[in-house]
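# Coordinate inspection notes
Here is what each chain is made of, one letter per residue.
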Amino acid sequence: MTRIRIGQRWKREPSASPLDSIALELDGVDLLSGAVEESLAEVVPALVRAVVALRGGGHRMAQVSLAEAHLELVLRRVGGEVELLVASLARPARLMRPPIRVDAEELTQAIRTAGERFLADVTRVAPKSVAAPLAQALGEPLKQLGRPARPPEEEPAKPSTRRLEPPEAPGFGFELRDVGPRPSREGGKRGTSGTLAPLLGAGEVWLALPGRPEAWKIPGPPFLTTLELSRLAVELVRAVELGEARFELAPFGARPTLLLDLKAGKARLGRTGAPFALDASALAAALFHLGEALAAAFSEDGRAQVNNPYLAELADRCREGLSHLRGPVEPPEVEGAARNRRTRTEAGASKPLKVPGRLRRLRFDRLWEQRGLEDSEESRLLLGRHGPVCCAPQAAVAFSRKDGTRLWKRAAPLGVAAAADGHAVAADLSRVYGFTGRGAGARWLHDHDGIPLGPLLLRKDGLLLTLSEDRTVVAFAEATGREVWRLAPPRTQRSWLTTQGHRALVTTDSGYVYGLDLEDGQVRYRMRAPLPFHGAPIPWGRRFLALLGRGSHWALLLADAHTGDAVWTHEPDITHPSAPLPVGSRVFIAGEREREGVLLCLDGKGQRLWERPLHLGPGPYALSPLPRAVVVTSASGAAARVAASGTVDWRIGVAGEPLIGALPARTARGVTLLPGERVRAVDPRGGQVLAEVRAGAGLVALQADVKLNLYFLDDTGTLSAYRLGSHFTVVE
């Protein structure tokens, strides 16, 4: 007996789009186990349309995606029956159970009954804004299922086998056994016909090693096996790059396990096997070559598969993996044949002021001023190559360093995400646009689903990463604008994003930290913390620091960025903590205890080395690094420099009315700038005040460039620029 069961919990919140479970039961066995929170407004119409496509004879294959469960339901027509396959594209990619055949009319009746009941419930319970689109999507397909249909006439499938032996050892071979319906032109198109269905033919993949033609063999659809092996290949390459000692390869529980000693360049089969020479890079290359060979085999078997997105993604991953394995090209050993270019970082590094003697006074002159900037209290002030960049939620503007001329502006109703180098992503109700540099026109544009974007934008490995509504992480391809992946953490109102190596790190106010592959957005780990996170993870070598807490209870977490394993947790017993600051092998954090400011220093193992009172007035505080020291600033403008040994080198009092919040100090040209109502330039070694510039109590952002030009942004939307006019020194 075939039956479709749809959950009823969505009726408790009829104002929202229905999210609930859906089950496809055959004799009481649920084929879609795990689909507990799917968008019924998408899944039910897709299921009805898929059966209509099969029943009408227009398609032999159909596919229904269950995005939340990472499941794909594939339907293949075989005479008067329908073959059902449920594939999981999560880790590991696999078939959930062997293919099952059901009577086509019985399946049609079950889906028609479920669709009609769901439509009746939505019409009765849900508001018109939800019910009307569903009625339009389900009305005509349900009518077609109610009409008599003649079984389509088709030729019986001819079994075919394709086998590819490993080209060398180590290497992988595969065998494709196609005993189902042959993929036709429909297989390469989007829609109900599905693009995964023609790739799920039976077969096997095996590993060949020196002296072992079949070290182990994995039965099942070769595409799913190869997809998982390509993911493992990426992990193997990264393990080699990170200098890890060992790596295990046992996909789908294959036995014996292949154990790799990455340091010695050896491997063995099983715990008791004899070691033999095996280069990890050669094995990774064999894994990537397997993906390329399988994609080519499918494309040769049917030209319609050339544009199959699943095959294209597999081939792209393998090609990129092989490119990472290629060693650097050595320049010719001829004098003058190759020169090292000076990087922008080296050319534009902030060097100390060249003065004869000791610097005693500085004078800053107003350079220019821009008024009327939008949402200044929520803006970020960045420094680009040609001048400051002001990034507000719905607009980003860049100004010239010399005279304040506007270089470019990006504005959009659904937000703008911008970086200091001129890259920007803007969104309106129907389009998302990508910009690069000063050009007035967009470099690319695509259809958009209407979610807000920005203002944060991170560039990493050819991707542009941003947040939507400070919650959902979205990654776009920098060159084409294609949305590569998206992560929407459940039960979360606020997320923070940063990148570290090959990972995108996301912390949430629901107490979870996610480690994602930058390349494809795969969640490699999800760690649950006992308290909500506050702020973005802070990279520290191969690890990251994160602040978490609630009320008066706060903690500092150190975890491995690659695996997500927690190294230690420290509870500092303070309130209003600052963001942690790693300096060398130590971690600093400031906060209040009994209304007095304190600075704590921890070592790499999370042990408290020392604690010092600050005497800077009430918090909160902000930290900024100096060589072998840290500068602590407060909202009142008071500041102190504390050495790594715990010695308080100098302390400076308040500078007028307190600011909206504490801002970190900036250091440029050997001068440290302390934010406050009066911004003070001080000698970072002795703390002598060299200059004062009035910024006002509404200061919300402070920057200083490599030429010691100062930029102030206040809460009225005014951006002010000052240049160094003169300096006074004492020559002994």
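Higher on the page you've got the structure.
Below or above, wherever it landed, is the structure these notes cover. Values in this document were obtained by computation on a predicted structure and should not be read as measured data.

## Let's talk about the sheet that holds strand β32 (residues 495-500)
- Ordered in space as β32-β33-β34-β35, the four strands form an open sheet in which the pairing is antiparallel. The two strands at the open ends of the sheet, each matched to only one other strand, are β32 and β35 (523-528). For this sheet, the mean inter-axis angle between neighbouring strands, taken without regard to orientation, is 15°.
- Sheet topology note: the strand β34 (residues 512-517)/β35 ladder contains five bridges and is antiparallel. Looking at β35, one finds that Gly-515 is bridged to Tyr-525.

## Observations regarding the pattern of salt bridges
- Taken as a whole and assessed by the stated rule, the structure comprises 41 salt bridges.
- For the salt bridge of Glu-25 with Arg-5, the shortest nitrogen-to-oxygen distance reads 3.0 Å. Here Glu-25 is found in strand β3 (residues 22-26), whereas its partner Arg-5 is found in strand β1 (residues 2-6), with 20 residues between them in sequence.
- Among the salt bridges present, the one from Lys-217 reaches Glu-214, with a minimum N-O distance of 3.2 Å.
- A relative accessible area of 37% means that Glu-214 is categorised as partly exposed.
- Each of Arg-91, Glu-228, Arg-231, Glu-235, Arg-238, Arg-503, Asp-517 and Arg-524 takes part in one network of salt bridges that share partners.

## What to know about unusual backbone geometry
- A cis amide bond links Ala-169 with the next residue in sequence, Pro-170, at an omega value of 0°.
- Note on placement: Pro-170 falls in the loop between β11 (160-164) and β12 (171-178).
- At the junction of Gly-619 and Pro-620, the peptide bond is cis and its omega measures out at 5° in the coordinates.
- Tracing the backbone shows Pro-620 in the loop between β43 (608-613) and β44 (621-626).
- In this structure, His-576 takes a positive phi of about 45° despite not being glycine.
- Position of His-576 relative to the elements: it lies in the loop between β39 (566-570) and β40 (581-583).
- Judged by relative accessible area, which is 47%, His-576 ranks as partly exposed.
- With phi around 55°, His-615 is a residue other than glycine that occupies positive phi space.

## Here's the deal with a positive patch on the surface
- A cluster of like positive charges, contributed by Arg-491, Arg-526, Arg-528 and Arg-550, occupies part of the molecular surface.
- Among the secondary structure elements, Arg-550 is positioned in strand β37 (residues 543-550).

## What about helix α5 (residues 280-301)?
- Its 22 residues give α5 an end-to-end C-alpha distance of 32 Å, which sits within 8% of 32 Å, the value for a rise of 1.5 Å per residue.
- Two or three places before Ser-281, at the start of α5, stands the capping residue Asp-279, its side-chain oxygen 3.3 Å from that residue's backbone nitrogen.

## Observations concerning the side chain of Glu-25
- In this structure Glu-25 comes out as buried when scored by relative accessible area, which is 15%.
- Polar contacts involving the side chain of Glu-25 include one to the side chain of Arg-5, which spans 3.0 Å.
- Discounting residues that sit within four places of it in the chain, Glu-25 has contacts with Met-1, Thr-2, Arg-3, Arg-5 and Asp-30.

Rules of the game
Residues numbered from 1 in each chain as written. Predicted model: local features only at pLDDT ≥ 70, side-chain atom pairs only at ≥ 80, totals over all residues. Heavy atoms only, no water. Pairing = 2+ DSSP bridges. Helix = DSSP H or I, 4+ residues; strand = E, 2+ residues; numbered from the N terminus. Axes fitted to C-alpha atoms, helices over the stretch in contact; angles between N-to-C directions. Salt bridge = Lys/Arg side-chain N within 4 Å of Asp/Glu carboxyl O. Buried < 20%, exposed > 50% of the residue type's maximum accessible area, 1.4 Å probe, protein only. Patch = residues over 30% accessible without salt bridge, like charges linked within 9 Å, V, L, I, M, F, W, Y side chains within 5 Å. Areas by Shrake-Rupley, 256 points an atom, 1.4 Å probe, with all protein chains shown as cover. Lys, Arg positive; Asp, Glu negative; His and termini not counted. Charge placed at Lys NZ, Arg CZ, Asp CG, Glu CD. Expected span 1.5 Å × (residues − 1). Polar contact = N/O pair within 3.5 Å; in protein donor to acceptor, adjacent residues only side chain to side chain. Contact = heavy atoms within 4.5 Å.

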